[in-house]
There are 2 protein chains.
Amino acid sequence: MSAEPPLLQRLVEALRCLPGVGPKSAQRMAFHLLERDREGGRRLAAVLAESMERIGHCQRCRTLSDREVCALCANPNRDDGLLCVVETPTEVLAIEQSTGFKGRYFVLAGACRPRRHRAPRAEPGRPPGPPGRGGGAGADTGHEPDGRGCRDGTLHQRDGQGVWCDGDRIAHGVPLGGELDYVDGGTLAHAFAGRHRIG
Amino acid sequence: MSAEPPLLQRLVEALRCLPGVGPKSAQRMAFHLLERDREGGRRLAAVLAESMERIGHCQRCRTLSDREVCALCANPNRDDGLLCVVETPTEVLAIEQSTGFKGRYFVLAGACRPRRHRAPRAEPGRPPGPPGRGGGAGADTGHEPDGRGCRDGTLHQRDGQGVWCDGDRIAHGVPLGGELDYVDGGTLAHAFAGRHRIG
């Protein structure tokens, strides 16, 4: 006979669906909630159940949202002339939290590879708006979904006529305060090649 | 306007009730569940809600249980002549998982200090059973709830007449494979004083 009553055991098991949570952490979490924070546990259960049902993808940029069009896409003050293409909704959040970017986003929601030897597609008749609206997944981004590349956000600028006119990729380099000993060779090579003149 | 829709933000906030989960981890957990494991999230929400309502304390040993009497106390094969007094339900689980102890438990459910200069209380008329059954919290354990001592399980042995006849405290010492450089002085002093002859 086990020391754990069935329900407690099921709670510990259920907590292991969280990333980075092993048997010991799950046990610690279960006991913490039961002994010290039942109210927090109840609130988490309710918000979690609601989130799993109600949060879907924004119909424009495909980031996670509980509305048809997310708050960013619905914001009229964002710059329609700048589009940041990222791989996942997490990256939208990271860029929003750490940069001053005020344009629009498009989430590829899948790995992709830049299409080489191909000019960006000109679509003069298309109304202004991020790529992917009404199109296939990644169809307008000049990327193919096959698992390589695109791990960094890419900035595209449009001329307001629906024609791509410029594209940038965010810089590769060593992290601020990072020690060179711990940086992989590829990153260090990029950082070295992309060096700037001081002053 | 925030990049996070309100519900997603509430989910990240709610996840922070878990011990050791900061803003970054909570965000990672929320996105993981939403993008990769909705079923796990739904199951966690349901088990969590049920656990917060149904799991209480065993009426005999006071460990956490969804039944009036926990599986350990209800097990007739455990040794009634051995009682292990611990501070928290987590310690019951730790001892069950790592030792061969086959006696009963009693959970103090609060810090305590051993009563010095006082003999254990004799209760000849009392039927055999762990202390605390029908008594006040910790009243029969020879401990006072004031926040010191008792952080390790203490073994008490009874003679079957309800009279305490012997008590042990688990050993203090260095962890298996532990390096002496990282052990605090108090623990090292206990380990040194409690050394055993080899062979």
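Residues numbered from 1 in each chain as written. Chains lettered and ligands numbered in written order. Predicted model: local features only at pLDDT ≥ 70, side-chain atom pairs only at ≥ 80, totals over all residues. Heavy atoms only, no water.

Draft legend 1. Representation of the overall build of chain A. Tallying secondary structure elements over chain A gives six helices and eight strands in all. Written out in order from the N terminus, the α and β elements of chain A read α-α-α-β-β-α-β-α-β-β-β-β-β-α. Out of the 199 residues in chain A, the part that is buried amounts to 40%. Of the contacts formed within chain A by residues at least 6 apart in sequence, a portion of 47% connects residues at least 24 apart. Accessible surface, chain A as shown: approximately 11100 Å² in total, 52% of it carbon and sulfur. (Helix = DSSP H or I, 4+ residues; strand = E, 2+ residues; numbered from the N terminus. Buried < 20%, exposed > 50% of the residue type's maximum accessible area, 1.4 Å probe, protein only. Contact = heavy atoms within 4.5 Å. Areas by Shrake-Rupley, 256 points an atom, 1.4 Å probe, with all protein chains shown as cover.)

Draft legend 2. Broad picture of the packing of helix 2 (residues 23-36) of chain A against helix 5 (residues 89-98) of chain B. Contact geometry for helix 2 of chain A and helix 5 of chain B: axes closest at 10 Å, N-to-C directions at 150°. In terms of orientation, helix 2 of chain A lies roughly antiparallel with respect to helix 5 of chain B. Side by side, helix 2 of chain A and helix 5 of chain B meet where A:Lys24, A:Gln27, A:Phe31 and A:Glu35 of the first sit next to B:Pro89, B:Thr90, B:Leu93 and B:Gln97 of the second. Here the contact of helix 2 of chain A with helix 5 of chain B is built from residues that sort into three nonpolar, three polar and two charged. (Axes fitted to C-alpha atoms, helices over the stretch in contact; angles between N-to-C directions. Parallel < 35°, antiparallel > 145°, perpendicular 65-115°, else oblique. Nonpolar A, V, L, I, M, F, W, Y, C, P; charged D, E, K, R; others polar.)

Draft legend 3. Expanded view of the pattern of salt bridges. All chains considered together, the criterion is met by 14 salt bridges over all chains. Across the pair A:Arg42 and A:Glu39 runs a salt bridge, and its minimum N-O distance is 3.3 Å. Taken together, the residues span about one helical turn, with A:Arg42 and A:Glu39 both in helix 3 (residues 38-54) at a distance of three residues. In this structure A:Glu39 comes out as partly exposed when scored by relative accessible area, which is 46%. Two residues, B:Glu53 and A:Arg42, come together in a salt bridge whose shortest N-O distance is 2.6 Å. Taken as a pair, B:Glu53 in helix 3 (residues 38-54) and A:Arg42 in helix 3 lie in two separate chains rather than in one. Taking relative accessible area as the criterion, B:Glu53 reaches 53% and is therefore assigned exposed. Under the relative-accessibility criterion, A:Arg42 is labelled partly exposed at 30%. Via salt bridges that share partners, A:Arg10, B:Glu50, B:Arg54 and B:Asp66 belong to a single interconnected network. (Salt bridge = Lys/Arg side-chain N within 4 Å of Asp/Glu carboxyl O.)

Draft legend 4. Inspection of the state of the cysteines at higher detail. This structure, assessed with the given rule, holds zero disulfides over all chains. Unpaired in this structure, A:Cys58 has its nearest cysteine sulfur neighbour in A:Cys73, at a distance of 3.8 Å. (Disulfide = S-S within 2.5 Å.)

Draft legend 5. Main features of the interface of chain A and chain B. With 55 residues of chain A in contact, the opposing surface of chain B contributes 54 residues. Counting each side, the surface lost to burial between chain A and chain B is near 5600 Å², with a carbon and sulfur contribution of 71%. Where B:Arg10 meets A:Glu50, a salt bridge forms, and the shortest distance between an N and an O atom there is 3.0 Å. Put simply, chain A and chain B have ten residue pairs in polar contact (both at pLDDT 80 or more) between them. (Buried area = accessible area lost by both parts, 1.4 Å probe. Polar contact = N/O pair within 3.5 Å; in protein donor to acceptor, adjacent residues only side chain to side chain.)

Draft legend 6. Up close: the relation of the copies chain A and chain B. In screw terms, the move from chain A to chain B is a rotation of 180° and a rise of 0.0 Å along the axis, fitting with an RMSD of 0.1 Å. Taken together, the turn and the small shift mark the pair as related by a two-fold rotation axis. Taking C-alpha positions as the reference, the residue of chain A nearest the rotation axis is A:Ala45, at 2.1 Å. (Least-squares fit on C-alpha atoms with pLDDT ≥ 70 in both.)

Draft legend 7. Fine view of the pairing of strand 3 (residues 79-86) of chain B. Residue and element names in this part refer to chain B. Pairing of strand 3 with strand 4 (residues 103-107), which is carried by five bridges, proceeds in the parallel orientation. Along strand 4, the bridge assignment pairs Val86 with Val107. With helix 5 bridging strand 3 and its parallel neighbour strand 4, the resulting β-α-β unit is right-handed. (Pairing = 2+ DSSP bridges. Right-handed = clockwise from strand over helix to strand, strands pointing away.)

Draft legend 8. Layout of the packing of aromatic side chains. Residue and element names in this part refer to chain A. Following the criterion strictly, the structure yields two aromatic pairs over all chains and no others. A centroid spacing of 5.3 Å and a plane angle of 70° characterise the contact between Phe101 and Tyr105, whose relative ring orientation is edge-to-face. Accessibility assignment for this pair places Phe101 and Tyr105 in one class, buried. A cation over an aromatic ring shows up here: Arg195 above the ring of Phe192, its NZ or CZ 5.0 Å from the ring centre. (Phe/Tyr/Trp six-rings, centres within 6.5 Å; stacked < 30°, edge-to-face > 60°. Lys NZ or Arg CZ within 6 Å of the ring centre and 35° of its normal.)

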